Amino acid sequence: MSNARRKTPPTPRHSVSVAGVVVREDGRVLTIRRADNGAWEPPGGVLELAEAPEDGVRREVYEETGVKVQVDRLTGVYKNTSRGIVALVFRCRPEGGHEQLSDEATAVEWLSPDEAVDRMAEIYAIRVTDALLDSAPHVRTHDGRKLASG
């Protein structure tokens, strides 16, 4: 069968999402309680096809919370290996608007970093922790529930 053509495996499909860890001058972090599952997370969502990541963060944070933000820097890249989702997380600061509920958020609160970490699942809490560090962006993988070690 040396003449048989080998099939190339299909290219894996990934979804790209963005999230903003919005930090006020007093150090409190903007968080939402998701309408679909009740989980606390930084605001964010799926990046649109023709959208720049920074524009997507601004749009998602505003749509979910009513807060307009300035995007400061990329703080982490997180891959959910079970669902094929790559999340780009940015540290942001508020620059207008006001907190309001949305179809996606049943609560919008400014929490201390410790309160945010306590309320969030490990895979979201680490995004807040990483964003508060003054270091290079972190690259982490998880299975949708637990961070991969290493």
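Residues numbered from 1 in each chain as written. Predicted model: local features only at pLDDT ≥ 70, side-chain atom pairs only at ≥ 80, totals over all residues. Heavy atoms only, no water.

K.L.:
Just checking my understanding: could you explain the sheet that holds strand 3 (residues 40–41) for this structure?
P.N.:
The strands that make up a sheet pair up through hydrogen bonds in the backbone, lying either parallel or antiparallel. An order of 3-2-7 is seen for the three strands of this open sheet, with the pairing classed as antiparallel. The sheet is open, and its two borders are formed by strand 3 and strand 7 (105–111), each paired with just one other strand. Taken together, the two bridges between strand 2 (residues 29–34) and strand 3 define a ladder with antiparallel strand orientation. Bridge pairing links Arg-33 to Trp-40 in strand 3. Contacts from helix 1 (residues 53–65) reach strand 2 and strand 7 within the one sheet, and its direction differs from that of strand 2 by about 65 degrees. (Pairing = 2+ DSSP bridges. Helix = DSSP H or I, 4+ residues; strand = E, 2+ residues; numbered from the N terminus. Contact = heavy atoms within 4.5 Å. Axes fitted to C-alpha atoms, helices over the stretch in contact; angles between N-to-C directions.)

K.L.:
Sorry if this is basic, but what is going on with the sheet that holds strand 1 (residues 15–22) here?
P.N.:
Read across the sheet, five strands follow the order 4-1-6-5-8 without closing on themselves; strand pairing throughout is mixed. Strands with a single pairing partner mark the edges of an open sheet, and in this sheet they are strand 4 (44–46) and strand 8 (138–142). Neighbour-to-neighbour, the strand axes of the sheet open up by a mean angle of 30 degrees, direction not taken into account.

K.L.:
Looking at this structure, I do not really get the pairing of strand 2. What am I missing?
P.N.:
On any regular strand, side chains alternate: one points to one face of the sheet, the next to the other face. Pairing of strand 2 with strand 7, which is carried by six bridges, proceeds in the antiparallel orientation. Within strand 7, the residue paired with Arg-34 across the bridge is Ala-105. Between strand 2 and strand 3, which pair antiparallel and follow one another directly, the connecting turn spans five residues, one of which, Gly-38, has a positive phi of 75 degrees.

K.L.:
Just to check I follow, could you spell out the nonpolar core for this structure?
P.N.:
Soluble globular proteins tend to pack their nonpolar side chains together in the buried interior. Val-22, Leu-30, Val-57, Phe-90 and Cys-92 are the most contacted members of the largest nonpolar core, which totals 17 residues. Among the secondary structure elements, those contributing two or more residues to this core are strand 1, strand 2, helix 1, strand 5 (67–80), strand 6 (85–97) and strand 7. Of the residues forming this core, the biggest block, four residues, is contributed by strand 6. (Core = buried A, V, L, I, M, F, W, Y, C linked by side-chain atoms within 4.5 Å. Buried < 20%, exposed > 50% of the residue type's maximum accessible area, 1.4 Å probe, protein only.)

What is shown is where atoms sit, not what they do.
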